[in-house]
Amino acid sequence: MRVSMWVLVLLFIFGFNHRIFAHQRPRTERISGSAGDVLEDDPVGRLKVYVYELPSKYNKKLLQKDPRCLTYMFAAEIFIHRFLLSSPVRTLNPDEADWFYTPIYTTCDLTPTGMPLPFKSPRMMRSAIQLISTNWPYWNRTDGADHFFVVPHDFGACFHYQEEKAIKRGILPLLQRATLVQTFGQRNHVCLNEGSIIIPPYAPPKKMQARQIPPDTPRSIFVYFRGLFYDVNNDPEGGYYARGARAAVWENFKNNALFDISTEHPTTYYEDMQRAIFCLCPLGWAPWSPRLVEAVVFGCIPVIIADDIVLPFADAIPWEDIGVFVAEEDVPNLDIILTSIPTDVILRKQRLLANPSMKRAMQFPQPAQSGDAFHQILNGLARKLPHDNKIFLKPGEKVLNWTAGPVGDLKPW
Amino acid sequence: MKLSALQQSYMNRRSTSFRGSAPLDSSAESAIKSPAAIFWLLLHGVCCLISLVLGFRFSRLVFLFLFSTSTSNLYSTPFRQLTSTADLANSLNVPSNPVVNPELPALNKTLSSRVIVGRHGIRIRPWPHPNPTEVMRAHQIIERVQREQRIQFGVKSPRTVIAVTPTYVRTFQMLHLTGVMHSLMLVPYDVVWIVVEAGGVSNETASIIAKSGVKTIHVEFNQRMPNSWERRHKLEAKMRLRALRVVREQKLDGIVMFADDSNMHSMDLFDEIQNVKWFGAVSIGILAHSGGADESSLATVEEVEKRPSMPIQGPACNASNKLAGWHTFNSLPYKGKNAIYIDDRATVLPQKLEWAGFVVNSRLLWKGAEDKPDWIKDLDSVGEDIESPLSLLKDTSIVEPLGSCGRQVLLWWLRVEARSDSKFPPGWIIDPPLEITVPSKRTPWPDVPPELPSTEKAVINIPEHTVKQTKTRSSRSKPRGKRKHEAKVVDTQISTRHSGQN
């Protein structure tokens, strides 16, 4: 009796203290995804990854030739490789591995202006797969179903930057059974395999951390966007670029003082995002963009204008609760849509965004921290375990067609 | 095949400028140079020329009409042909028209994506301008978000700001008091404004402060403001003590700050004083301004170089951010040259330490508050002749320096007054109208009915309105035909009036 009384008193004191101290911390909300509170899961111990030893012409030599590969938005593939090499989930014994990783940098072939050329990537990938299938037995065991590849390019493993061409090519036939870790995600699209893991594009974490402004700076911009509306070089009259959505935003809201939108690139871009309530994240040539990462890190509610897009880690992060989704056909009514959101919903979204685990999950920090994007990828891989026994092929059985695809792909690299 | 030729040419155009590299793919495809392809390319070129002249995409219309019957065949073909049909169907949507999503629901029953690749129309609503209700709603959202930010990151429990302002009726009162009033109206916390007026409560002051929208206490002080600066400073000190007594009587709870009516306050000041515990001091920038333009002649070159950028009055801290002393205004350069009377055109000097630089927790003034510290003297025991609130303290070392230890200047001191014999229209409303009005040569308002008053009384009482109208609009010169007629009318009006008054 007395013990229970003391327990009650202790609980009361703790609760009281919690109330006092909770008042001082900025209010955040826990993020519970559709699979539970999985953002904070620790993948260590739940899976084992074996990293193939490929000759350096597939990875290191490419990076040496062009160190710009480390700073652009596709740099995730390089950082994931580095992370896995020193991660506790790595195993040196391939027989106990659940997943196999092939370190190949398919997007590290840059033009002078810094844009990646995907024309040699299919051949490069093919040659790498030929290498691992001849030197190790694990590829042929499952025809790649327990292997994963990082393909962060515009349309993932379709290896092209133009959507029509990418659709025509489809996913590289050899990768049909493998798990693809990519930035592109659109429902019912040829270039998205079921079971792919969508990751955020790479945004330099140090640069974003360096440009934080004090959190009590009042948010006075209602809607913020900086970027192209018309891609004058490739689609001057509009209608192709972004399926006309960006042009519609411009034409409807260029006179609206609530919308701070322009094509100029100011030096205070990061600071301005921290002073805005909504940040537009419309599609461009591809539906994803680093703006989503920047909006989440800076606490600006992302307004996603891309039909059928699949956002990063969609099974762990409840994007519907965090961002606002606007259909492309509703763009002319964007102001009505945004102002008709109830204020408490907006405040709740801001609280969810203020949660540090959300910000960590979108970034690729060096060195890796718990809960960051690397760990979310591993969590995603761990959630797909244990492998279904059906993926293991009977000896002599072959599912993949090694000669499928355009003729140009079959040339050796 | 014709469609693929079209597609080809588009792809060629796009890919050659796309990312600045020669794509390997297109070279293979353009190898098809059969006569039919050439013919269609030529036709396409001709249509382009026609559309250049006519101004819309004529060629695509033609294709649409030609192929509208055969589009049904294309429904069953794979996805990529679908994109080109979508192209053609969308071609009618010239960008600047309001457009609905192209009617292709029947086509989308295939497993392929609902999202169609290809040219889409740019949707613009009929009135692409801001809607006032939406703007108001957006501002409400912004205000709520900022309030939430302030609750989370700003001052935890904001206290009422009690502003004490001594004032009296004079020419510049409207100017100074409006400035203070607007600053107080912007303060995001509760404000109580105690206005002490020398010479009794007057309608002018009352009408000014009534517009403020904050809670005001108008206190009268039955002595007239003297004409010399020194006596004025002394009287103002007495008026402030009177206000502090009001605080004590009404047991007002908050932070007392002294907002002299000619000072300029920054909004950060009000946020910073919320941090005070009992008694704080802030740095004031002193704008010692001389009334005349002969300041440059007063100062020689060396003096100008020696003088610091702007004198600051306030707390001085040592290296460990503790109060070590006070910065006061150095009045030596101005010895003998400063203004004695309010009319003087010389530099007006501040006192050693201005009242405006101090903030006091109102609980220090209450009688018999339980947790009052013992270094505060009772208000009644200090007498009437105190120079600065420091005289209320037994020990001046407990003063808290605010604004990062006095490094931030949060308010500015300035004294500007007109001559004491200057007249100004009461309430700053010109009523009755000025005695002499001279019509401008170009009277721009022909619409005023030319009234020829019969009696002088009628003229004076006629809505001064019309006279005011012509007066105010005389500055605009609108050349009109009736100009001369108007001028004549006004002339007659004035002349009758003059004759009447004579």
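Note that the structure is predicted; figures quoted are calculated from it, not measured. (Residues numbered from 1 in each chain as written. Chains lettered and ligands numbered in written order. Predicted model: local features only at pLDDT ≥ 70, side-chain atom pairs only at ≥ 80, totals over all residues. Heavy atoms only, no water.)

## A look at the state of the cysteines
Residue and element names in this part refer to chain A. Definition in use: Note on terminology: pairs of cysteine sulfur atoms within 2.5 Å are recorded as disulfides. A run of H or I in DSSP becomes a helix once it reaches four residues, and a run of E becomes a strand once it reaches two; helices and strands are each numbered from the N terminus. Partly exposed describes any residue whose relative accessible area lies between the buried limit of under 20% and the exposed limit of over 50%, with all areas from a 1.4 Å probe on protein chains only and scaled to the type maximum.
By the definition in use, this model includes four disulfides over all chains. Cys-158 shares a disulfide with Cys-191; S-S distance 1.8 Å. Torsion about the S-S bond of the Cys-158 and Cys-191 cystine: about -115°, corresponding to left-handed handedness. Remark: Cys-191 occurs in the loop between strand 4 (179-182) and strand 5 (197-198) and Cys-158 occurs in the loop between strand 3 (147-151) and helix 6 (163-169); sequence separation between them is 33 residues. With relative accessibility at 0%, the residue Cys-158 sits in the buried group. Among the cysteines of chain A that take part in disulfides, numbered as they appear in the sequence, the pairing is 1-2, 3-4, 5-6. Cys-281 takes part in no disulfide bond, and the closest cysteine sulfur to it belongs to Cys-279, at a distance of 6.7 Å. The class of Cys-281 is buried, set by a relative accessible area of 5%.

## Considerations on the interface of chain B and chain A
Our working rule: The contact criterion used throughout is that any non-hydrogen atoms of two residues lie within 4.5 Å. Once two parts are put together, the accessible area they lose, assessed with a 1.4 Å probe and summed over both, is termed the buried area. The salt bridge criterion pairs a side-chain nitrogen of Lys or Arg with a carboxyl oxygen of Asp or Glu, the two atoms within 4 Å. Definition of a polar contact: a pair of N or O atoms within 3.5 Å, with one able to donate and the other able to accept a hydrogen when the atoms are protein atoms, and with sequence-neighbouring residues admitted only if both atoms are side-chain atoms. Ten residue types, Ala, Val, Leu, Ile, Met, Phe, Trp, Tyr, Cys and Pro, are classed as nonpolar, four, Asp, Glu, Lys and Arg, as charged, and the remainder, Gly among them, as polar.
Every contact between the two is made by 51 residues of chain B and, on the other side, 63 residues of chain A. Together, the buried faces of chain B and chain A total about 5,400 Å²; carbon and sulfur atoms form 57% of this surface. Applying the counting criterion to the chain B and chain A interface returns two salt bridges. Its salt-bridge partner being B:Arg125, residue A:Asp335 comes within 3.1 Å of it at the nearest N-O pair. The tally of links from chain B across to chain A stands at eleven residue pairs in polar contact (both at pLDDT 80 or more). Taken together, the elements giving at least two residues each to the side of chain B that touches chain A come down to helix 1 (2-17), helix 2 (24-29), helix 6 (79-90) and helix 7 (132-153) of chain B. The biggest single contributor to the side of chain B that touches chain A is helix 7 of chain B, with 15 residues. Tallied by class, the residues present in the side of chain B that touches chain A amount to 21 nonpolar, 14 polar and 16 charged.

## Concerning the sheet that holds strand 5 of chain A
Residues and elements named next belong to chain A. Put simply, the rule reads: At least two bridges found by DSSP between two strands is the condition for calling them paired. A fitted line through C-alpha atoms serves as each axis, taken over the contacting stretch for helices, and the angle formed by two N-to-C directions is quoted from 0 to 180°.
Judged by pairing direction, the sheet is parallel, and its five strands sit side by side in the order 1-2-3-4-5 without closing on themselves. The open sheet terminates on both sides in strands that have one partner only, identified here as strand 1 (49-51) and strand 5. In terms of strand pairing, strand 1 meets strand 2 (residues 99-101) through three bridges, oriented parallel. Bridging across to strand 2, Val-49 finds its partner in Trp-99. Sitting on the sheet, helix 3 (residues 76-85) touches strand 1, strand 2 and strand 3, and the angle it makes with strand 1 is about 110°.

## With respect to the sheet that holds strand 5 (residues 264-265) of chain B
Pairing between sheet strands relies on hydrogen bonds along the backbone, with the strands arranged either parallel or antiparallel. All names here are of chain B. Across the sheet, five strands lie side by side as 5-12-7-8-9; this open sheet has mixed pairing. Each having just a single partner strand, strand 5 and strand 9 (323-327) make up the two edges of the open sheet. Two elements, strand 7 (residues 283-286) and strand 8 (residues 312-317), share two bridges in a ladder whose sense is antiparallel. Bridge pairing in strand 8 places Gly-285 opposite Ile-312.

## Remarks on the packing of aromatic side chains
Residue and element names in this part refer to chain A. The condition that has to hold: Two rings from Phe, Tyr or Trp (for Trp, the six-membered ring) form a pair when their centres are within 6.5 Å of each other. A pair whose planes differ by under 30 degrees is stacked, one over 60 is edge-to-face, and the rest are tilted.
Taken as a whole and assessed by the stated rule, the structure comprises 30 aromatic pairs over all chains. Centre to centre, the rings of Tyr-50 and Phe-100 are 6.1 Å apart; their planes meet at 70°, and the pair counts as edge-to-face. Taken together, the positions of Tyr-50 in strand 1 and Phe-100 in strand 2 put the pair 50 residues apart, joining distant regions of the chain. This pair shows no difference in class: Tyr-50 is buried, exactly as Phe-100 is. Ring pairs connect the aromatic residues Tyr-50, Tyr-52, Phe-100, Trp-136 and Tyr-138, which therefore count as one cluster.

## Overview of the pairing of strand 9 of chain B
On any regular strand, side chains alternate: one points to one face of the sheet, the next to the other face. All names here are of chain B. One ladder, built from four bridges, connects strand 8 with strand 9; its direction is antiparallel. Following the sheet pairing, Gly-314 is matched in strand 9 by His-327. Connecting strand 8 to the antiparallel partner strand 9 that follows it, the hairpin turn spans five residues, and Asn-321 within it adopts a positive phi of roughly 60°.

## A look at the pairing of strand 4 of chain A
Residues and elements named next belong to chain A. Stated precisely, the cut-off is as follows: Handedness is read with the strands pointing away from the viewer; a crossover is right-handed when the path from the first strand over the helix to the second is clockwise.
Burial of the side chains of strand 4 extends over both faces: Thr-179 and Val-181 are buried on one face and Leu-180 and Gln-182 on the other. Where strand 3 lies against strand 4, four bridges are found, and the strand directions are parallel. Across the sheet, Val-150 pairs through a bridge with Val-181, a residue of strand 4. Chirality of the crossover, the property in question, places the unit of strand 3, helix 6 and strand 4 among those that are right-handed. Pairing of strand 4 with strand 5 involves two bridges; the strand directions are parallel. Bridge assignment links Gln-182 to a residue of strand 5, and that residue is Ile-198.

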